Amino acid sequence: MQARIGIVGAGPVGVVAALACARRGMRVVLFEAGRDIDHSPRAATTHPSTLEMLAELELLEEFESVGLKARYFQFWDGATQTLVAEFDHETLRDETPYPYVVQTEQHKLCEIGLRRLATLPNAEVRLETPVTGVAQDGKGVRVAASGEHAFDFVIGCDGGRSTVRKCLDIEFEGYTWPERFLVLTSLFDFQSALGCRERSYISDPEEWTNLFKVMGDDLKGRWRAVFPAKESETDEEAFSETSVRRRMRKLAKEHPMESLVHRNIYRVHQRVAKAFRAGRVFLAGDAAHVNNPVGGLGLNCGIHDAIELAQTLDVVASGQAGENLLDRYERRRRPLNIEYVQQQTVANKKRLEERDPKVRQANFDELRRAAADPRLHKQFLMRTSLIESVRKAGRMA
């Protein structure tokens, strides 16, 4: 008998979880509260370790066709407008068949995955179907969503405000950053103007910037610039022509205001669920952990959650292992998120915003040494690409 899997949330993590489970022969129902997939600018960097997983799901070729391959990334000193260090993913050629990142909007992965799910007889997608309750006993899980649905297991992939997590009464430990993140998207060609790579981190004691290129739905390319919005700055002030002009022209003096195509602002959290599993219900992606986006690690870790869960549920549901193996998911995923995502994204942000001149210089010197030494260069990329975390997970019982 096929295992019945309920998945809540049709973001990229939920879609990947649904596809990974369905391809293993499980019966899957994917619930999504919204009518459509959210197209707002969010995660956009997919690392080599994640590209390997998308390749196994036969998603990678189409995913790359709507994205941009970025082999390099750079750190800049914004105060002096000078390049500090450049890292080359080609250094990982012996470690992965995909020595680059793919930069593209996360909604494209959702749409590709949903099209694949629509071709599978054992997968069902229910849009405009919010989940309002989750209850379980030793034999299964009941999901309230326009009626009651019975499953063997449920995966909550329903974001930072997860209904599933709240139904389980699991604490979301951590904090919220005092500043918000302002995202300005422009058609201006920063690479030609600045000589920067498609993924550049600009350290500045006054106002750091995360600058990177994505393809856009028209595949013509556009740049996202992420800035910190001051605590005292209202959303209206951050969106104002004066504020936007100041920020963009600090990056490139000739930036034309008519090149702007989107503005967004949001609060940023560093939180990890106290538990990733309660009985037959699991948390994955933002429902389990959220972090600041510097480094592009959160979505990647969420997809790793999804793949790990699909593999584990398949082994247990097929009788190859007992249900005690289910504990391994939390045993692996929670500490790895803390070590490789929480700690790393906090360090990335602090490096960009550091004000002390001596500490800034020490940070730059460390980056230069890592970039110049082949061993350290590779070591740095193994960690930032999450290849190291995937391999560590495989060694954890």
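Above this note sits the structure.
Cut-offs and rules
Residues numbered from 1 in each chain as written. Predicted model: local features only at pLDDT ≥ 70, side-chain atom pairs only at ≥ 80, totals over all residues. Heavy atoms only, no water. Phe/Tyr/Trp six-rings, centres within 6.5 Å; stacked < 30°, edge-to-face > 60°. Helix = DSSP H or I, 4+ residues; strand = E, 2+ residues; numbered from the N terminus. Buried < 20%, exposed > 50% of the residue type's maximum accessible area, 1.4 Å probe, protein only. Lys NZ or Arg CZ within 6 Å of the ring centre and 35° of its normal. Pairing = 2+ DSSP bridges. Contact = heavy atoms within 4.5 Å. Axes fitted to C-alpha atoms, helices over the stretch in contact; angles between N-to-C directions. Parallel < 35°, antiparallel > 145°, perpendicular 65-115°, else oblique. Left-handed = near helix turned anticlockwise from the far one by under 90°. Nonpolar A, V, L, I, M, F, W, Y, C, P; charged D, E, K, R; others polar.

Asks: Is there a simple way to explain the packing of aromatic side chains in this structure?
Replies: Think of a pair of aromatic rings as described by two things: how far the centres are apart, and how the planes are tilted against each other in angle. Following the criterion strictly, the structure yields 18 aromatic pairs and no others. With centroids separated by 5.3 Å and ring planes inclined at 80 degrees, the aromatic side chains of Tyr175 and Trp177 adopt a geometry described as edge-to-face. Seen in terms of ring centroids, Phe282 and Tyr329 are 5.9 Å apart; in terms of plane orientation they differ by 85 degrees. Their pairing is edge-to-face. In this pair, Phe282 sits in strand S21 (residues 281-283) while Tyr329 sits in helix H10 (residues 327-353), placing the two residues 47 residues apart along the sequence. Assigned by exposure class, Phe282 and Tyr329 land together as buried. The cationic tip of Arg197 hangs over the ring face of Tyr72; the distance from NZ or CZ to the ring centre is 3.8 Å. One Lys or Arg, Lys349, reaches over the ring of Trp177 and ends 3.8 Å from the middle of that ring.

Asks: Looking at this structure, how should I read the sheet that holds strand S22 (residues 289-290)?
Replies: Pairing between sheet strands relies on hydrogen bonds along the backbone, with the strands arranged either parallel or antiparallel. Strand order across the open sheet formed by three strands is S13-S19-S22, with antiparallel pairing between neighbours. Two strands bound the open sheet, and with one partner strand each, they are strand S13 (172-176) and S22. Here strand S19 (residues 269-273) pairs with S22 via two bridges, running antiparallel. Bridge pairing links Val272 to His289 in S22. Against the sheet, H10 engages S13, S19 and S22, with an angle of about 175 degrees to S19.

Asks: Whenever I open this one, helix H2 (residues 48-56) confuses me. Can you help?
Replies: Owing to its 3.6 residues per turn, the α-helix aligns residues three or four sequence positions apart on the same side. Every buried residue belonging to H2 is among Pro48, Ser49, Thr50, Leu51, Met53 and Leu54, and all of these are buried. Positive backbone phi, approximately 60 degrees, marks Glu58, located one or two places after H2.

Asks: Even after reading the chapter, I still don't get the sheet that holds strand S9 (residues 133-136), so can you show me in this structure?
Replies: Sheet architecture is open: three strands sit in the order S9-S10-S11, paired in antiparallel fashion. Of all the strands in the sheet, the pair left with one neighbour each is S9 and strand S11 (148-151). With direction set aside, neighbouring strand axes in the sheet form an average angle of 20 degrees. Taken together, the four bridges between S9 and strand S10 (residues 141-144) define a ladder with antiparallel strand orientation.

Asks: Honestly, the packing of helix H9 (residues 298-317) against H10 in this entry has me stumped. Any pointers?
Replies: Helix packing for two helices is described by the angle between their axes and how far apart those axes are. Running from N to C, H9 and H10 cross one another at 165 degrees; their axes reach a closest spacing of 11 Å. As far as their axial angle goes, H10 and H9 are roughly antiparallel. Every pair of crossing elements has a handedness; the one defined by H9 and H10 is right-handed. Residues Gly298, Cys301, His304, Asp305, Glu308, Leu309 and Thr312 of H9 touch H10, and the partners they reach there are Arg328, Tyr329, Arg332, Arg333, Asn337 and Val341. Of the residues in the contact of H9 with H10, the class split is four nonpolar, four polar and five charged.

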